[in-house]
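Residues per chain are reported as follows:
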Amino acid sequence: MGAGAAPAAARPPRARSPTLEAVGTVLSVNVGRVQELAVRRGRPVMSAIRKAPVAGRVRAEGAGLAGDEQADLRAHGGPDKAVYAYAREDADWWARTLGREVPDGAFGENLTTRGVDCTNAVIGERWRIGTALLEVCQPRIPCAKLALRFDEPDMVKRFALASRPGAYLRIVEPGELGAGDPVELVDRPDHGVTVRLVSDAILLDESLLARTLAAPQLAARLRDWIAPRAEQPAAG
């Protein structure tokens, strides 16, 4: 520095961007409209579980994807069930198990992924897909409409026993996403509570319920259901 030169102004520290780790790819983005799924006791059963891939970019905002619907908002709607992701690897396992084709969207998922372990995702981990930021918050709990969709009377039980529930995600930052987008892992909490653990605790082993409460990002409605049951002593 020359004599009499003013010292350079200190630069402000640069903000650090979250480290992004590409863990897989979106194979298809699937949406569906409410339609008649079956007729039971003379009455139509309405559902939007029949979803199909759509081309182009799809807006993810609020409680879901543009163009997607739910028939029963008490069971399937809301910000904590905004986007449902299911791995192609799990769908392929079902195809082998059932001996039939299982196309993208067959489980009513909005995102069919490749290379993403949706079932062993940690509650609260965040994925950047396109310009949207999503957060894993709960597993899919099967209902009778899944059995109707597959025309398999015991599908609800089989789905529970398979421990391949897929992941529901909330939309943290709205944006647009599409087939071919990488799924980038932005953050993963260290509490270790996975989607599979929560599913198994609810459907297979109530002794696991207390462990699920270690995840503060767990969907509030599900947490409220689990909390009083986790305090009860296990039967037997």
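Just so you know, these numbers come straight off a predicted model, no measurement behind them.

A.B. asks: Got a sec to walk through the overall build of the protein chain? Specific residues and values, please.
C.D. replies: Secondary structure summary: the protein chain contains 7 helices and 13 strands in total. Within the span of the protein chain, comprising 236 residues, buried residues form 44% of the whole. A fraction of 72% describes how many contacts in the protein chain between residues 6 or more apart in sequence connect residues 24 or more apart. Carbon and sulfur atoms form 50% of the exposed surface of the protein chain, whose accessible area is close to 12,300 Å².

A.B. asks: How would you sum up the side chain of Ser163? Please name residues and give values.
C.D. replies: The topology assignment puts Ser163 in the loop between α4 (155-162) and β11 (167-173). Excluding anything up to four places from it in sequence, Ser163 contacts Thr119, Arg196, Asp200 and Leu204.

A.B. asks: For the nonpolar core, give the residues involved together with the corresponding values.
C.D. replies: With 39 residues, the main nonpolar core has Leu111, Trp127, Leu134 and Leu177 as its most contacted residues. The leading source of residues in this core is helix α5 (residues 195-203), at 5 residues. Counting residues in each nonpolar core, the second largest holds 17 residues, with Ile49, Ala91, Ala106 and Leu146 among its members.

A.B. asks: How would you sum up the confidence of the model for the protein chain? Please name residues and give values.
C.D. replies: Here the protein chain shows a mean pLDDT of 86. Residues at 70 or above account for 84%. With pLDDT under 50 throughout, residues 1-17 is counted as low confidence; its partners more than four residues away or in other chains account for 3 contacts.

A.B. asks: Just give me the short version of the side chain of Arg170, but keep the residues and values in it.
C.D. replies: Tracing the sequence through the fold places Arg170 in strand β11. By relative accessible area, which is 17% here, Arg170 ends up buried. A distance of 2.9 Å separates polar atoms of two side chains, one belonging to Arg170 and the other to Asp80. Setting aside its immediate chain neighbours within four residues, Arg170 contacts Pro79, Asp80, Ala82, Leu133, Leu134, Glu135, Cys137, Gln217, Leu218 and Ala219.

A.B. asks: Describe α4, listing the residues and the values that go with them.
C.D. replies: Residues of α4 that are buried include every one of Met155, Phe159, Ala160 and Ala162, and no others. Along the axis of α4, the buried positions cluster into a sector of 165°, meaning they face one direction only. Summarising the geometry of α4, the exposed residues directed more than 90 degrees from the buried face are Lys157 and Leu161. Turning to α4, the residues buried within the fold contact β7 (83-87), α2 (88-98), α3 (144-150) and α5. Ser163 sits one or two residues past α4 and shows a positive phi near 55°.

A.B. asks: Give me the pattern of salt bridges: which residues, what numbers.
C.D. replies: Throughout the structure, instances matching the rule amount to 14 salt bridges. When the shortest N-O distance is used, the salt bridge between Arg114 and Asp92 registers 3.8 Å. Pair noted here: Arg114 is in strand β8 (residues 111-114) and Asp92 is in helix α2, with a separation of 22 residues, a long-range link. Taking the shortest distance from any N to any O, the salt bridge between Arg100 and Glu152 comes out at 3.5 Å. One end of the pair, Arg100, is in the loop between α2 and β8; the other, Glu152, is in the loop between α3 and α4, and 52 residues separate them in sequence. When salt bridges with common partners are traced through the structure, they connect Asp80, Arg126, Glu135 and Arg170 into a single cluster.

Reading guide: rules and limits
- Residues numbered from 1 in each chain as written.
- Predicted model: local features only at pLDDT ≥ 70, side-chain atom pairs only at ≥ 80, totals over all residues.
- Heavy atoms only, no water.
- Helix = DSSP H or I, 4+ residues; strand = E, 2+ residues; numbered from the N terminus.
- Buried < 20%, exposed > 50% of the residue type's maximum accessible area, 1.4 Å probe, protein only.
- Contact = heavy atoms within 4.5 Å.
- Areas by Shrake-Rupley, 256 points an atom, 1.4 Å probe, with all protein chains shown as cover.
- Core = buried A, V, L, I, M, F, W, Y, C linked by side-chain atoms within 4.5 Å.
- pLDDT = per-residue confidence, 0-100.
- Polar contact = N/O pair within 3.5 Å; in protein donor to acceptor, adjacent residues only side chain to side chain.
- Arc of directions from axis to C-beta.
- Salt bridge = Lys/Arg side-chain N within 4 Å of Asp/Glu carboxyl O.

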